[in-house]
Amino acid sequence: MSGFADLVFVNGSVLTVDPDFTVAHALAVTDGVIAAVGARADVEDLVGPDTRVVDLDGGTLLPGINDSHLHGCAWGISSPPLALDLGHPAVRSIADVAEAVRLAAERTPVGQWITGVGWDPGYLAECAADPTRLPDRYDLDAVSPDHPVLLLDFSGHATWVNSAALAVAGVDRDSVAPPGGVVVTNRGEPTGLFQEGGQVLVQQALPPLTPEVRAVAIRSTLAKLRGLGITSYTEPGLGPGGDRMMGGALSGETLDVYRRLLADGELTARVSVLLLPSGMSSTASGFARALDGIDVPDSEDPRRLNVIGVKIFADGIPPNRTAWMHEAYLGGGCGALCVGGATDEDRVAEIAEMVRHAHDAGHQVGVHVTGDRGIDTVVDAFAAATAARPRPDARHYVIHGDFLTARSMKTLAEHGFGVNMNPTIKWTIADLEEEFVGPERAAYEWPYRDALDAGVRVTSSSDAPVTFPDWRQGIATMLLRESKASGRVSGPGQRIALAEAVRTYTIDAAWQDFAEQWKGSLEVGKVADLCVLAGDLLTVDPHAIPDMPVMLTVLGGEVVHDARDE
């Protein structure tokens, strides 16, 4: 290290996120790492002629944000100009979606695909007025008879297409969905709506993404993340199981593009990757063959790009009634595991075998599971795999964990496992969930308070493109539990404190990455991944947190975003 610092921050609240959540007031960076933290007097001797001194002006310096479940390539591909923005409030009705498709058809050559992302039946006027009303192909046919249209919903668990897309994909009344998948029909005919693994029937017909398009998408994501103060994220699932998911954005080819961006010096975030051997509908034998067949070269810089584990899909999501629940949904049905097997017992065995195989191979295992019965099944599988072949620090975790049960919390805590929750999804769908599970269960969904009190390591993420990766809204939601649509409080007993909320996006997210020793907090010797907010996060009204500007983002001591330059 040189004698002087490259960067010095003074005159603000420095949230160290150390074990005591110490609040300092100055910090110095030298050669990409944190050289000093404390009072102004502790950094003054490090200021030299070439040191950049940043006056926080009463603002907040905190560790760079780690969105621990964010589909980077898929978010870029799902955003304009590569796809139509169909999220609320861009569209408020099926009619609005049809109009957006009509306009796209006017500027798109005949026969080419039109894609869009983000529609949510909870925010479509026709569906809100009549819960039995679902989007179908006929809503799109009149405005796009000559273009195949594929529209992915906000969650990535439902796809809406027109008749031209069905024709290109070769889907008709005789088409059969993979295990756990759903093809919505009316009198035996597909309506154009597909859920869970059934989406593959139409998504496989999309033209393959080129490496150039993937690179454009990731660059777009990286630019937006820099402006949000996000310096790390987990790309949760790349591999052969993603070849036909999210337009192919989850395929192994995307990992190749990440490697190229790293080599070219363009990877302005630290990216952890979960492998995706199989998709939403799989079997244990198919999963094992695929996982064993994946060859992962060593990373040129594992602190910038690193494959750390494996992802498995266990069930769907509550709004589709495909999450596996102990208690029936309003209107009936409990959902199911989305894997092969003729009975629940068969499917439980399949999930257990997938977890066992990945665990025995030495991988961290992250499992998408949202229903309480599904979660209990997955957590039991974690415990069984660990008991059969103990590993000192596997760090398996539940992805989403909407209806995490008390008994699963106890098991997770006992084994040092974790859960990755989604506060911005909570904010988005809190009111909608009442239609499926009733007010009491909807209020409980994402039980932060109970999980932390049980000793579970909890991380937070956006699941972008499911929601916009605004961690500030995530923190506000953890503090307030208020919904986006109505502002009503949903589960006040599950509120947590500011320090706890910040940890879920920083040091505990670094724990999920096996990286808490070198990132995730502002302590001497750790990498200088930093985020600067205008205003004091410690004293601001939680309702105002989402509007606090991100002024500066620093990655490894390099300023990658400066709002004053824009």
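Because the structure is predicted, anything quoted here is derived from the model rather than measured.

### Observations concerning the overall build of the protein chain
Helices and strands together make up the secondary structure of the protein chain, namely 17 helices and 22 strands. At 23 Å, the protein chain has a C-alpha radius of gyration in line with the 24 Å of a compact globule built from 566 residues. Along the longest, intermediate and shortest principal axes, the C-alpha atoms of the protein chain span 80 × 55 × 50 Å. Looking at the protein chain as a whole, 60% of its 566 residues qualify as buried. A sequence separation of at least 24 residues applies to 72% of the contacts in the protein chain between residues at least 6 apart. Averaged over its 43 positive side-chain charges, the protein chain has a centre that lies 2 Å from the centre of its 77 negative ones.

### What about the sheet that holds strand β11 (residues 182-186)?
An order of β7-β8-β9-β10-β12-β11 is seen for the six strands of this open sheet, with the pairing classed as mixed. Two strands close off the open sheet at either side, each with one partner strand: β7 (84-85) and β11. When strand β10 (residues 158-161) meets strand β12 (residues 189-195), the two strands line up antiparallel, connected through three bridges. Across the sheet, Ala158 pairs through a bridge with Gln195, a residue of β12.

### Quick notes on the pairing of strand β13 (residues 230-238)
A large share of β13 lies buried, amounting to nine of its nine residues. Bridge count between strand β6 (residues 65-67) and β13: three bridges; the pairing is parallel. Each residue of the ladder has a partner; that of Asp67, found in β13, is Tyr233. The sheet contact formed by β13 and strand β14 (residues 270-275) spans six bridges and is parallel. Within the sheet, the bridge partner assigned to Glu235 lies in β14 and is Val273. Traced from β13 through helix α8 (residues 252-263) to β14, the parallel crossover comes out right-handed.

### A look at the environment of Asp57
Relative to the elements of secondary structure, Asp57 occurs in the loop between β4 (52-55) and β5 (60-63). For the pair Asp57 and Val437, spaced 380 residues apart in sequence, the C-alpha separation works out to 47 Å. With residues up to four places along the chain from it excluded, the contact list for Asp57 reads Val10 and Asn11.

### Some details on the packing of helix α11 (residues 372-388) against helix α12 (residues 406-415)
When two helices pack together, their arrangement is given by the angle between the helix axes and the distance between those axes. As a packed pair, α11 and α12 sit with axes 9 Å apart at the nearest point and diverge in direction by 30 degrees. Taken as axis vectors, α11 and α12 run roughly parallel relative to one another. You can see that α11 and α12 cross each other, and the crossing is left-handed. Seen from α11, the contacting residues are Ile375, Asp376, Val379, Asp380, Phe382, Ala383 and Thr386; seen from α12, they are Arg407, Ser408, Thr411, Leu412 and His415. Classifying every residue of the contact of α11 with α12 gives five nonpolar, four polar and three charged.

### With respect to the sheet that holds β13
Spatially, the eight strands line up as an open sheet ordered β6-β13-β14-β15-β16-β17-β18-β19, and their pairing is parallel. Looking at the sheet topology across the chains shown, the edges are occupied by β6 and β19 (457-460). When the angles between neighbouring strand axes are averaged without regard to direction, this sheet yields 25 degrees.

### So, α11
For α11, with 17 residues, the first-to-last C-alpha span of 24 Å sits near the 24 Å given by 1.5 Å per residue. With twelve of 17 residues buried, α11 lies mostly within the body of the structure. All buried positions along α11 are accounted for by Asp372, Gly374, Ile375, Asp376, Thr377, Val378, Val379, Ala381, Phe382, Ala383, Ala385 and Thr386. Where the residues of α11 are buried, they touch α10 (344-360), β16 (364-369), β17 (397-400) and α12.

### A look at α10
Residue pairs spaced three or four apart in an α-helix point in one direction, given the helix's 3.6 residues per turn. Taking 1.5 Å of rise per residue, 17 residues should cover 24 Å, and α10 covers 24 Å from first to last C-alpha, within 8% of that figure. Burial in α10 covers these residues: Arg347, Ile351, Met354, Val355, His357, Ala358 and His359. Contacts made by the buried residues of α10 are with α9 (284-292), β15 (305-313), β16 and α11. Of the residues one or two after α10, Gly362 is the one with positive phi, at around 90 degrees.

Definitions and cut-offs
- Residues numbered from 1 in each chain as written.
- Predicted model: local features only at pLDDT ≥ 70, side-chain atom pairs only at ≥ 80, totals over all residues.
- Heavy atoms only, no water.
- Helix = DSSP H or I, 4+ residues; strand = E, 2+ residues; numbered from the N terminus.
- Rg over C-alpha atoms; globule rule 2.2 N^0.38 Å.
- Buried < 20%, exposed > 50% of the residue type's maximum accessible area, 1.4 Å probe, protein only.
- Contact = heavy atoms within 4.5 Å.
- Lys, Arg positive; Asp, Glu negative; His and termini not counted.
- Charge placed at Lys NZ, Arg CZ, Asp CG, Glu CD.
- Pairing = 2+ DSSP bridges.
- Right-handed = clockwise from strand over helix to strand, strands pointing away.
- Axes fitted to C-alpha atoms, helices over the stretch in contact; angles between N-to-C directions.
- Parallel < 35°, antiparallel > 145°, perpendicular 65-115°, else oblique.
- Left-handed = near helix turned anticlockwise from the far one by under 90°.
- Nonpolar A, V, L, I, M, F, W, Y, C, P; charged D, E, K, R; others polar.
- Expected span 1.5 Å × (residues − 1).

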